[in-house]
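# Close look at the chain arrangement
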Amino acid sequence: MKQRQMRCCIYKEATSGVPTLFLCQTKDVSNKLGFLNTNTNIRHSVIDFYVLDLVRFHKFLSGQDVNVGKLNYNIGEGLRGFGFSDPDGNIFSACNIIHHGQV
């Protein structure tokens, strides 16, 4: 299943527990594990981990002295995710988003 928006494309399978691939055209090549979406000016990781309990995972990483970002919300939809980085500065994210067709 493909979903396209503003020079970006999301490839997702119609089943749960499988990776989702998010591709986005960008002018930013400074970080290979993350990119700045130059259409929206939002920094994304190329690796998103699906986590059922985002608050608990956020607290766990914070307790391990991992550099974590704020929990992101969408009004009416609840928690969406947060970013974090490893000691080398590579960025990752955790999310609880189940894309349409995956359940």
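Anything mentioned here points back to the structure above.
First, a word on what this report is: a plain description of the structure on this page. Computed from a predicted structure; not experimentally measured. (Residues numbered from 1 in each chain as written. Predicted model: local features only at pLDDT ≥ 70, side-chain atom pairs only at ≥ 80, totals over all residues. Heavy atoms only, no water.)

## Thoughts on the pairing of strand E2 (residues 8-12)
Two faces belong to every sheet, and in a regular strand the side chains alternate between them. Most of E2 sits inside the fold, with four of its five residues counted as buried. The pairing of E2 with strand E3 (residues 20-24) spans five bridges and is classified as antiparallel. In the sheet register, Ile10 faces E3, and the bridge partner there is Phe22. (Buried < 20%, exposed > 50% of the residue type's maximum accessible area, 1.4 Å probe, protein only. Helix = DSSP H or I, 4+ residues; strand = E, 2+ residues; numbered from the N terminus. Pairing = 2+ DSSP bridges.)

## Notes on the environment of Leu71
Structurally, Leu71 can be placed in the loop between strand E7 (67-68) and strand E8 (72-74). Linking Leu71 and His58, residues 13 residues apart in sequence, is a C-alpha distance of 7.9 Å.

## Comments concerning the packing of aromatic side chains
According to the stated counting rule, one finds seven aromatic pairs in the structure shown. The interplanar angle of 45° and the centroid separation of 6.1 Å between the aromatic rings of Phe57 and Phe82 together place this pair among those described as tilted. With Phe57 in helix H1 (residues 54-63) and Phe82 in strand E9 (residues 78-85), this residue pair connects regions lying 25 residues apart in the sequence. By the ring-pair criterion, three or more aromatic residues cluster together here, those being Phe49, Phe57, Phe60, Phe82, Phe84 and Phe92. (Phe/Tyr/Trp six-rings, centres within 6.5 Å; stacked < 30°, edge-to-face > 60°.)

## Things to note about unusual backbone geometry
Backbone geometry at Asp65 places phi at a positive 60°, although glycine is not the residue there. Topologically, Asp65 is positioned in the loop between H1 and E7.

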